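Spelled out from the first residue to the last, the chains are:
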Amino acid sequence: MGESSTIKFSECELVIDNSQIPKLDIFENLKETYICEYEDIIYKVDCEIINDMLWIYVKYGSKTPYTNIVLDIKSQKDIPNPRMQDELELKNQLFCIYQPKNAVLCISNYNKNTFLATFLKDHFNKNFSIKKYFIDPESFAKEIKSLESIKFTSAKNLFNSDIFDEVADVCGYGMPVSFILEAKYKGASSNLNLIKNTLKTLINRKENGEIDKLICVGKDDKNIEKIFNLNTFIKKISIKSKKDKNGMFIPDIIKNSILEKLNEI
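Residues numbered from 1 in each chain as written. Predicted model: local features only at pLDDT ≥ 70, side-chain atom pairs only at ≥ 80, totals over all residues. Heavy atoms only, no water.

Caption draft 1: Representation of the overall build of the protein. Each helix and strand counted, the protein has six helices and 14 strands in total. Residue burial in the protein is summarised as follows: out of 265 residues, 41% are buried. Once local pairs closer than 6 in sequence are excluded, the contacts in the protein between residues at least 24 apart make up 66%. As presented, the protein carries roughly 15500 Å² of accessible surface, and 47% of it is formed by carbon and sulfur atoms. (Helix = DSSP H or I, 4+ residues; strand = E, 2+ residues; numbered from the N terminus. Buried < 20%, exposed > 50% of the residue type's maximum accessible area, 1.4 Å probe, protein only. Contact = heavy atoms within 4.5 Å. Areas by Shrake-Rupley, 256 points an atom, 1.4 Å probe, with all protein chains shown as cover.)

Caption draft 2: Inspection of the packing of aromatic side chains at higher detail. Counted according to the given criterion, the structure contains 10 aromatic pairs. With a centroid separation of 5.2 Å and 85 degrees between ring planes, the pair formed by Y34 and F119 is classed as edge-to-face. With a gap of 85 residues between them, Y34 in strand 2 (residues 33-38) and F119 in helix 1 (residues 113-124) connect regions that are remote in the sequence. When its relative accessible area of 3% is taken as the criterion, F119 is described as buried. (Phe/Tyr/Trp six-rings, centres within 6.5 Å; stacked < 30°, edge-to-face > 60°.)

Caption draft 3: Representation of the environment of S5 within the structure. Looking at the element boundaries, S5 is found in strand 1 (residues 4-16). Setting aside chain neighbours within four positions, we find S5 in contact with I239, K240, S241, K243 and F249.

Caption draft 4: Representation of helix 4 (residues 192-207) in the model. Taking 1.5 Å per residue, 16 residues should reach 22 Å; helix 4 reaches 23 Å between its end C-alpha atoms and fits that length. Of all the positions in helix 4, only I195, K196, L199, L202 and I203 are classed as buried. Relative to the axis of helix 4, the buried residues are bounded by an arc of 130 degrees and lie together on one face. Positive phi appears at G209, one or two residues downstream of helix 4, with a value of about 85 degrees. (Expected span 1.5 Å × (residues − 1). Arc of directions from axis to C-beta.)

Caption draft 5: Examining the side chain of N113 more closely. Tracing the backbone shows N113 in helix 1. Residue classification places N113 among the buried residues on the basis of a relative accessible area of 14%. A polar contact is formed between the side chain of N113 and the backbone oxygen of Y110, at a distance of 2.7 Å. Every residue in contact with N113, bar those within four places of it in the chain, is listed here: I107 and I130. (Polar contact = N/O pair within 3.5 Å; in protein donor to acceptor, adjacent residues only side chain to side chain.)

Caption draft 6: The environment of I130, seen in detail. In this structure, I130 sits in strand 9 (residues 128-132). The exposure class assigned to I130 is buried, which follows from its relative accessible area of 6%.

Caption draft 7: Layout of the pattern of salt bridges. For the coordinates displayed, the defined rule picks out five salt bridges. In this structure, the salt-bridge partner of E89 is R83, at a minimum N-O distance of 3.7 Å. You can call E89 partly exposed: its relative accessible area is 48%. Overlapping salt bridges bring together E48, D252 and K255 as one network. (Salt bridge = Lys/Arg side-chain N within 4 Å of Asp/Glu carboxyl O.)

Below, the structure written as structure tokens:
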């Protein structure tokens, strides 16, 4: 094994057809491997459905620049390049995982979001786009014209009514550790101050340990979904891993590490 290095995943929203969060069944005709070219760069894309998530591992490299002569380090002499120009070394890596349940796409290099969106569009015939989440309540509230849903996971002490007591003990196991609540609205017109204050209140509850997760979905004046994700507001995902002897990350190690991190969230 080589030296250790850290990969930082950016948490983003993956939107399809400008209006909805894609479900996993859109990728039902997934192939294991794709070879494609985008902006003069060759990409080898490996895909897998695992634990109700879409895993994508990409290696990529450019055909140019290329030289006919290379330096032999041992002899310190120039020799003919043993690699033909149409033989590429794919030395760059990209790791992505999409979790429909939490509406989260994790990507190890956000600068490659345009390539990934284009790749998905070309192979699954949908208009994909990838955007960073809103990171503050005020900008999110200003952007949306209608509220679609609010979903959060909360500690058991947030609810004190009889109805939650009944649900809690329906199987005879006593009070659960947490509740997941999703409130859906039918195109409710947004109130800027109300949404902003509500999100700030929920953020305070997060800091007090009452709420674990929060996803708020709204639509702008063009009917495009916008997402405020409290997990992204609070934290990023970093993974430290050793590289192989050639200085490359080992894909299975990164995959297992990011799956483990997501299961903790």
